[in-house]
Each structure stands twice: as structure tokens, then as C-alpha cells.
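Here's the letter readout for the chains.
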Amino acid sequence: MKIADLPTDIRQLIAEGTAIPAHPLALDAERVLDRRRQRALSRYYIDAGSGGLAVGVHTTQFEIREAGLYAPVLELAAQTASDWTERPLAMIAGVAGKTAQAVAEAKTALALGYHAALVSPAPFRDASEDELIAHCSAVADIMPIIGFYLQPAVGGRVLSVDFWQRFASLDNVIAIKIAPFHRHRTIDVVRGVIAANAEDRVALYTGNDDHIVADLLLPFTHRRRGEDVTLRIVGGLLGQWSVWTKAAVDLHTSCRAAVQAEADLPAELLALDSQMTDINAAVFDVAHDFAGVIAGCHEILRRQGLLAGIWCLDPNETLSPGQADELTRVTEDYPHLTDDAFVAAHLERWLDD
């Protein structure tokens, strides 16, 4: 499937920018898929106004593959989305592993109605950039792809401007998720897209959970053949947005409105950048090098009643010492960036079989 084969409303949705949460995995105390709560999470994200769902990604736990859950979890999200709403949703499937596995996963996702594959570079940490480009090209032969600049701390690698130029030149690239948590490397992606003359085809999405608001508000202007070219990050595809999602959607809407107004950016909106970064430090467990990142997301969802516990497929994956207290602190410090009341008002309906 090529980009041109996507429904027009999906192409426009991705190009114009939207808020897409990375979908967690709901397990019961036996670490078995809790289909009722998995479905409730999807319903929550949809009702919160998300423009899509990213499933099978890091937040969903890469171990779903070994557990035989990749296809069932993708299918459940796609079916829930279809049953719950008629508005267009960009369905993004994470694909992982070496090329044969990633291609097989892309074929699975395509058969289940997904629109694009988010390609993980993690299995290619020690490979050449030529090998990674070949890998991405093979997946792009199956369906539209989204690039992923994953930070080295959680399995990514440093990639050059030349890599991003070559990647953006692949004709079935529809977007790039920029998540190196590093300003210089973020700029490298932008420069690569500009050098590839791909800015009208490749949408930029932030995954920089430490700079969400600034990414959405500030322009990137760089030179190409003696002329200035300005790009903007139009949306977010974030693990951070798997929690307090209604507030995240409202934040994205506010940022896009401020940009489109072409006026001075409100100071109170700019101030949210550091507040969101402080929240992320607690949720993603920055103090312990992201050891409790998935458990941190689960704990917020557990406190809201969406999850029954913080269980992960890996029994060693849990909250770090002091992380629960930090989550309490940011919840109390930034109530305007949470959506607890929204969840409480709809939880029973989302959990209804």
C-alpha cells in the first residue's frame, strides 16, 4: 500500500498534525491480556479526542511478540476503534525486529487495517546506516512508514543528517517521530527532510517528551540552496500522551491554534513546556534512566481506574524507588495538565462490556 492509497481523510489528518498516544498493554495479575481494560484504554483515547492510536510500540511492550500477543493486541485496538467511533483515526502499528520480522509484522498490520508502520531502529544499533535504510525500504514496500529517531538510552542510536535525508527520500515515508531527547539531533532530522525536498510529504511529529510544547510551538528554519525553508512539528506520537490524554489533546489544540494565529506566543503557553517536562521526569522515571517508564504510565492509569495494576510482561519491570511519590507530586502541582475528572466521568462506560 502506498501513501496515495490511504483514505484522503487519513492522509490529511497525519499531514495537518494530531495527537496520537502510544497504547499501553493491560494485563491482569497473572500477566495475561485483560481484554476488557485493553478495550477501555482504546475507548478512553478515542473519547479524549486523539487523532489515532499507536499500537505495538515501546509503550505496548516489545515483549508482546514473544508472548504471542502482537496480532491479537493490534486486532483488538483496530476493532475497538471501528466499533467506537465513525471519525477517522490514524492507526499506527509498531514494527520491530530484523527485516524479515518487521516485514511480517507490517503485513499483519496492513491486513488488520492499519495505515502506517512505525519502524523501530533498535535492532540495528550496531549496523551501518546503509543497512538501516535498506531495512526501512523493505518495510516501506509493504505500507507507508513513519521514521523513529529513538533515543540511545532506551535502545536507539545516533543517526546522521545524511541518514535522514536518505530516509525522507523514500517515497512511502509519511512522517517521522523525532524522539532523541536531544536538540542537536532533532535539528538533524529537520535538516535531512529539508535536504530531501520532502517537507510537503513527510510530517514531523514530536516524541521528545522533554520538550513537547516547544517542539509544537517553535519553527525550524534552515537553508536550502541559498533560501530559507521553515518546517514545523505538527503533532505528537508519545508515550507521555498515554496518560492524561484529554489534557494532552487540549494542549496540542492550543499549540496549533497559537501557531496558526501568527501572533506573539502567549507566555502562559510557553511556560507549559517546563511543566510538561517535569511531569515527564516523574512518569518516565528520568531519575533512574527510564527504568520505570512503562510502569510509570501504568501507575497513572491504575490510579484513575483504567488499569487494575501496573503489571508488565517482564516481572522485573516496575516502579523505581521514590517514583510513586514523584507521580503524586506532579499530579498535585499541575492539575491543569491532568484529566482525572474526565476519566472519572466516563470510566464506567469505557469498562462496560
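Let me sum up the structure you'll find in this document.

Each value, and the rule that gives it
Residues numbered from 1 in each chain as written. Predicted model: local features only at pLDDT ≥ 70, side-chain atom pairs only at ≥ 80, totals over all residues. Heavy atoms only, no water. Buried < 20%, exposed > 50% of the residue type's maximum accessible area, 1.4 Å probe, protein only. Helix = DSSP H or I, 4+ residues; strand = E, 2+ residues; numbered from the N terminus. Pairing = 2+ DSSP bridges. Salt bridge = Lys/Arg side-chain N within 4 Å of Asp/Glu carboxyl O. Phe/Tyr/Trp six-rings, centres within 6.5 Å; stacked < 30°, edge-to-face > 60°. Lys NZ or Arg CZ within 6 Å of the ring centre and 35° of its normal.

**Considerations on the pairing of strand 8 (residues 220–224)**
Burial along strand 8 is one-sided: F220, H222 and R224 are buried, while T221 and R223, pointing the other way, are not. Pairing analysis gives 5 bridges linking strand 8 to strand 9 (residues 227–231), with the strands arranged antiparallel. Its bridge partner being in strand 9, H222 is matched across the sheet by V229. Connecting strand 8 to the next strand, strand 9, in antiparallel fashion are 2 residues, including R225 with a positive phi near 50 degrees.

**Focus: the pattern of salt bridges**
A pair can form between side chains of opposite charge whenever their charged atoms are brought close. Under the counting rule described, the total for this entry stands at 15 salt bridges. Note that E199 and R224 form a salt bridge whose closest N and O atoms lie 2.8 Å from each other. Taken together, the residues E199 in the loop between helix 7 (183–195) and strand 7 (203–206) and R224 in strand 8 connect sequence positions 25 residues apart. By relative accessible area, E199 is classed as partly exposed at 23%. Here K246 ties to D250 by a salt bridge, and the two come within 3.1 Å at their closest N and O atoms. One end of the pair is K246 and the other is D250, both in helix 9 (residues 245–261) and 4 residues apart, which spans about a single turn. According to the relative accessible area criterion, D250 is partly exposed, its value standing at 37%.

**What to know about the packing of aromatic side chains**
Following the criterion strictly, the structure yields 9 aromatic pairs and no others. With 5.3 Å between their ring centres and 40 degrees between their planes, Y149 and W164 make a pair best called tilted. Here W164 lies in helix 6 (residues 161–169) and Y149 lies in strand 5 (residues 145–150), a separation of 15 residues in the sequence. For Y149, a relative accessible area of 0% translates into the label buried. The interplanar angle of 20 degrees and the centroid separation of 6.1 Å between the aromatic rings of F163 and F167 together place this pair among those described as stacked. Of this pair, F163 and F167 both sit in helix 6, separated by 4 residues, roughly a single helical turn. For the pair shown, F163 and F167 are each scored as buried. Here a set of aromatic residues connected by ring pairs shows up, and it is made of Y44, Y45, F342 and W350. Above the face of the F124 ring, K98 is positioned so that its terminal group lies 4.4 Å from the ring centre. Across from the ring centre of F342, 6.0 Å away, lies the NZ or CZ of K246, which sits over that ring.

This is a description of form; function is not addressed.
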